[in-house]
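The chain contents come next:
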Amino acid sequence: MAALDFICIIIILNYKTKLEKRSCMLRKEEIIIDDNLRRNIKELGTILGNILIEQEGREIFNAVENLRVLSKEFRSGNTVEAKKKIKRIVAALDENKARKVVKAFYIYFLIVNAADEVFQILKREKENNGDTWNKLIEVIEEENVEAELLKKVIEKTEISPVFTAHPTEATRETILRKILEITKLLLMREKVNRAGFEYRKIEKQIYTTITLLWQTEEIRSSKITVYDEIERIIFFLKNIIYQVLPEFYARLDYKLKENYGEKLSGKPFLRFGSWVGSDRDGHPFVTEEVTKYTFNYQKSVILNLYIDDIKKLYEQISASYKITGAEPALISNVLKFKNKLGKEIRESIDRNPSEIYRAYFLIIEERLTRTLKMEAYSYKNEKQLLEDLYLMYISLQKNKGKEIAENFLLPVIRRIETFGFQLATLDIRQNSSLIRNAIDDILKKSGVTNKYLRLNDKEKTEILTAEILNDRPLIGINTELKQPTKQVLGEIGLIKWSRENISSNSSKDYIISNCSSVSDVLSALLLAKEAGVIKVRKNKILNSQLDILPLFETIEDLRESQNIMKELFDNRAYRNHLECRNKIQYVMLGYSDSNKDGGILTSNYELFKSQVNLKALCDRNNIELILFHGRGGSISRGGGPVFQSILSQPRGTVNGKLKITEQGEMISFKYLVPQLAIRSLEYFSSAVLIATIYTELKKQPEYLFRYNNLFDKISGYAFEHYRSLIESENFIEYFRTATPIDVIENIEIGSRPASRKKGNDIKNLRAIPWVFAWTQNRQTLSGWYGFGYAINRAVREGLTTWKELSEIFNSWNFFKTLIQNIEMVLLKTDVMIAREYYSELCVKNKANKKIFNSFEEEYRRSVEAVLKITREKELLGSNKILQQSILLRNPYIDPVSFIQIRFLKLYRNKKLPGDKKKKILNLLRATVNGISSGLRNTG
């Protein structure tokens, strides 16, 4: 494939009354692509072109090249004629040739993405010596933050990225590993002489790896299982995050010492979590056995990592106490265990008895091995292991080994403090409907009531409260419960089991999805009592091992969240439970479903407002609020730049504690390359530390109280307009024909079903395939629809002015972040391509035409509104690099879109034979991968 031609790209900036295009050319002199990046892309494109000819011959190569050139013509003004030629080429392709053409563009996106990541790494190293803590240091200096305050901030900080198996990662792990290899090779190539042997050697390795990419199936041939997802998450935790963690803290130590003259970071504040193997919301394949397997597997993985580290320390730390001395307690412990762990250990120690540290490393390694096998003298918990390492750390510090302790031992200590014996803490999540049904079954079988589900919430609450505080259990050994009830009880009981068998940090959070009432939360508390996770005696909860997290994820539930939590705080049983949990209340906020329910503007505003209200409520009740943000990868599902997102949260809600999901393709995007993993963790952490500093200094003004009347109206208008679209006549049919949702539902990218229930109702469809589908056909309306209408109506009715909105944009982080995110999605939206999906796939009737016209009209309004508020001349005009990154991809995505449209029509032909349909489905799955890679977005 030829290199990128940077001559001209059309930006869809504006539409007049008949959607007349106004285009703006990116002239060659306006392109600001780095020369090194341009060269890398050109070389990689040439390699791929040569491989294409070598592997498939000139015919496929020519088809790819012709489509690429014509797509640029299509984008540069010759729209009608170029489109005709593109369609002729696509029509001549059978499914086998089309699959190869799609694969060529797909691999091109993968290698260009790798080149871009290498460019970002090198740019960062060049500009600020690889440091992303600069913004934190700027705030420290601007606010004159004293060392004691920063120590306090770091001490209270706990940041928990939680990895989920949400099915938005369309790329196979085999492919990801090859992309990682290409990235590493490109980085190595930058450090050698271009004219030398090493450069040529690396080029051959790149050629070989891309050849293997071509020869590798890009789509999965079988449905992914929960066990596959567990392996995938452990790949990132074990091979990337575990490895880079010491450098993350070392860089922070260095930066703070540079400013304060002392190390201030203290104990690690990162804690990693996972839903993989434990999230059973609508997931029939996550059973009690699967979760126990996950707990045990994670423990074995982390213990083996520790054993490897101890072996390395044995090789490194050869200090003799005859030369330096050692702590008496260390010598005493060696003598204590030497004769207890077998002849081999004793003889190894006796060969060099003065090498006391090596002796103790042998003992630690043996005890860790015994921990894996559950044998005598094993470690009961990570605390015992840390005590041994701290003993050596102190001994080295006191006996001329300070640098040895800091450089060799401290990194391992920090890993153990972070990962414990659990590797990642598993959250248990279940849907509120199953919890209600389980309680109904238990109350019936125990003779409490036969009509629980028919009661109002006040009546349910009274019964639940009484039973929670009643010493007697409701169920006994002989109680015959329904299978789903046994399942729900077994799941919540896993929290107790894991804390007894894995680690005290292995699990504690029980999440109720679709939580909509006080009784939903109290039901979980009663289940916890029946499962032995809480202990009750004399009508009082004496001990509780779990935190219950209501997950508010619809617009109505977000609006009711404050009232629900107030009733819970006033409830004597729940208040008793909170006292056992140090008066800490976790609340989870759902970005995905609230967006699907109410649209981007209403969702974001109601999420913001609910945080403000929940924080005020908790403050009045002297309860610490910790928010868990259920963010996805796309803007529609709460994604976007995490640094800005955290700093745009309401004042005081990020007070050292933050939990946030890392989902789907964003995990590989952020954590596949070690350098990018460090940067992601640094951005994340610096934002939380800055927000916490502002909270401590009371430096964050809360603009909501100034603008809440205005934004209540704007949110209401946006909600009304969005709901009028998705509730309009024929909308479900339009959605299912104008998008490749039927293909997405058959893609093997997740073990969980695409819908909670069978049927075409959008309510049952998960937010991920909803967003995924709109992204594929380039309408992406989940990321902006309703915004333009609401803003224009507010101005038209005199509630605000464009000038005031610009002032709010420049002063209020929440509004600025919202606008910038919408702006990015609007630029990724492509009306020309969306029109192709509509015109080729949809039945020509008034209802469908009205829906598409509404989309075009709202797109025009939204673009105009963004430009008026930001005072830019074009979308992302203030961020040229991001703007060009998006626009320069379009000509390479377009051929895949045209192929997808053509074969969607064929796939939906009811007369198509089954074997032919299966082949075309595989082709369409490949097109979904291709478009996703080109846009760097799925759901």
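As the structure is a prediction and not an experimental result, all values here were calculated from the model. (Residues numbered from 1 in each chain as written. Predicted model: local features only at pLDDT ≥ 70, side-chain atom pairs only at ≥ 80, totals over all residues. Heavy atoms only, no water.)

Regarding its fold elements, the protein presents 39 helices and 13 strands. For 939 residues, the compact-globule formula gives about 30 Å, and the C-alpha radius of gyration of the protein, at 29 Å, lands near that figure. The 939 residues of the protein split such that 61% are buried. A sequence separation of at least 24 residues applies to 82% of the contacts in the protein between residues at least 6 apart. Looking at the protein as shown, the accessible area adds up to about 37300 Å², and 48% of this sits on carbon and sulfur atoms. (Helix = DSSP H or I, 4+ residues; strand = E, 2+ residues; numbered from the N terminus. Rg over C-alpha atoms; globule rule 2.2 N^0.38 Å. Buried < 20%, exposed > 50% of the residue type's maximum accessible area, 1.4 Å probe, protein only. Contact = heavy atoms within 4.5 Å. Areas by Shrake-Rupley, 256 points an atom, 1.4 Å probe, with all protein chains shown as cover.)

With that out of the way, let us pick up the pattern of salt bridges. One pass over the full model with this rule turns up 62 salt bridges. Between Glu-262 and Lys-151 there is a salt bridge; the shortest N-O distance is 3.6 Å. Of this pair, Glu-262 sits in the loop between helix H9 (226-260) and strand E4 (273-274) while Lys-151 sits in helix H6 (residues 147-156); the two residues are 111 residues apart in sequence, bridging distant segments of the chain. For Arg-358, the salt bridge goes to Glu-355, with nearest N and O atoms at 3.4 Å. (Salt bridge = Lys/Arg side-chain N within 4 Å of Asp/Glu carboxyl O.)

In terms of strand pairing, strand E8 (residues 534-536) meets strand E9 (residues 541-544) through three bridges, oriented antiparallel. Pairing of Lys-535 across the sheet is with Asn-543, part of E9. In this structure, the hairpin formed by E8 and E9 is closed by a connection of four residues, where Lys-538 is found at a positive phi of approximately 55°. (Pairing = 2+ DSSP bridges.)

Of note, Lys-566 is situated in helix H21 (residues 555-570). Among the residues examined, Lys-566 registers a relative accessible area of 44% and is labelled partly exposed. Between the C-alpha atom of Lys-566 and that of Leu-110, which follows or precedes it by 456 residues, the distance is 50 Å.

Bringing the packing of helix H7 (residues 173-189) against H9 into the picture now. The axes of two packed helices give the description: the angle between them and the distance between them. Between H7 and H9, whose axes approach to 11 Å, the crossing angle comes to 20°. Comparing their axes, H9 and H7 come out roughly parallel. Taken as a pair, H7 and H9 cross one another with a handedness that is left-handed. On the side of H7, the interface is formed by Glu-173, Leu-176, Arg-177 and Leu-180, while H9 contributes Glu-231, Arg-232, Phe-235 and Phe-236. Class assignment of the residues belonging to the contact of H7 with H9 gives a composition of four nonpolar, no polar and four charged. (Axes fitted to C-alpha atoms, helices over the stretch in contact; angles between N-to-C directions. Parallel < 35°, antiparallel > 145°, perpendicular 65-115°, else oblique. Left-handed = near helix turned anticlockwise from the far one by under 90°. Nonpolar A, V, L, I, M, F, W, Y, C, P; charged D, E, K, R; others polar.)

Once that is clear, we can look at the UniProt feature "active site" (unreviewed entry) in the protein. In the UniProt entry, the feature "active site" (unreviewed entry) is given for His-166 and Lys-596. Position of Lys-596 among the secondary structure elements: in helix H23 (residues 591-598). Note on Lys-596: relative accessible area 7%, which makes it buried. (UniProt positions renumbered as here; feature names shortened; annotations may be inferred.)

This part is about the nonpolar core. Core analysis: the largest hydrophobic core is formed by 245 residues, its most contacted members being Leu-389 and Phe-815. If you tally residues by element for this core, the top one is helix H4 (residues 95-128), at 18 residues. With residues near it in sequence (within four places) discarded, Leu-389 still touches Ile-310, Phe-361, Ile-364, Leu-409, Val-412, Ile-413 and Ile-416. Ranked by size, the runner-up nonpolar core spans 55 residues in total, among them Leu-525, Phe-552, Leu-558 and Ile-623. (Core = buried A, V, L, I, M, F, W, Y, C linked by side-chain atoms within 4.5 Å.)

Here the focus is the pairing of strand E12 (residues 624-630). With six of seven residues buried, E12 is to be regarded as a mostly interior element. As judged from the seven bridges shared by strand E11 (residues 584-590) and E12, these two strands associate in the parallel manner. By the bridge assignment, Leu-589 is partnered in E12 with His-629. In this sheet, strand E13 (residues 657-663) lies alongside E12 in parallel orientation, the contact comprising two bridges. Looking at the pairing, Phe-628 lines up with Lys-659 of E13.

What follows is about the side chain of Gln-585. By secondary structure assignment, the location of Gln-585 is in strand E11. Overall, the relative accessible area of 1% leaves Gln-585 in the buried class. Of note is the side chain of Gln-585, whose polar atom sits 3.3 Å from the backbone oxygen of Ile-548. Ignoring any residue separated from it by four or fewer positions in sequence, one finds Gln-585 in contact with Ile-548, Pro-550, Met-565, Phe-569, Tyr-574, Leu-578, Ile-623, Glu-624, Leu-625 and Ile-626. (Polar contact = N/O pair within 3.5 Å; in protein donor to acceptor, adjacent residues only side chain to side chain.)

Domain boundaries assigned for the protein yield domain 1 (14-30 + 704-880), domain 2 (34-130 + 173-216 + 881-938), domain 3 (288-419) and domain 4 (428-701). For the pairing of domain 1 and domain 2, the buried interface totals around 3200 Å² over both sides, and the portion due to carbon and sulfur atoms is 58%. The tally of links between domain 1 and domain 2 comes to six salt bridges. The salt bridge partner of Glu-840 is Lys-87, with a shortest N-O separation of 2.9 Å. One can count 22 residue pairs in polar contact (both at pLDDT 80 or more) joining domain 1 with domain 2. Within the residue set of the side of domain 1 that touches domain 2, elements represented by two or more residues are helix H29 (731-738), helix H30 (741-744), helix H31 (767-776), helix H34 (813-828) and helix H35 (831-841). (Domains from an automatic or database assignment. Buried area = accessible area lost by both parts, 1.4 Å probe.)

One can describe the packing of helix H10 (residues 288-316) onto helix H14 (residues 356-373) by two numbers: an axis separation of 9 Å at closest approach and a directional angle of 165°. By the criterion of interaxial angle, the relationship of H10 to H14 is roughly antiparallel. As for the relative orientation of H10 and H14, their crossing is left-handed in sense. Here Lys-299, Ser-300, Leu-303, Asn-304, Tyr-306, Ile-307, Ile-310, Lys-311, Leu-313, Tyr-314 and Glu-315 of H10 come into contact with H14, specifically with Arg-358, Phe-361, Leu-362, Ile-364, Glu-365, Leu-368, Thr-369, Thr-371 and Leu-372. Here the residues of the contact of H10 with H14 sort into 11 nonpolar, four polar and five charged.

The next thing to look at is the sheet that holds strand E6 (residues 428-431). The nine strands lie next to each other as E5-E4-E3-E13-E12-E11-E10-E7-E6, forming an open sheet whose pairing is parallel. Only two strands of the sheet have a single partner each, and these edge strands are strand E5 (425-426) and E6. In this structure, strand E7 (residues 509-513) lies alongside strand E10 (residues 547-552), joined through four bridges in parallel fashion. Of the residues in E10, the one forming a bridge with Asp-509 is Asp-547.

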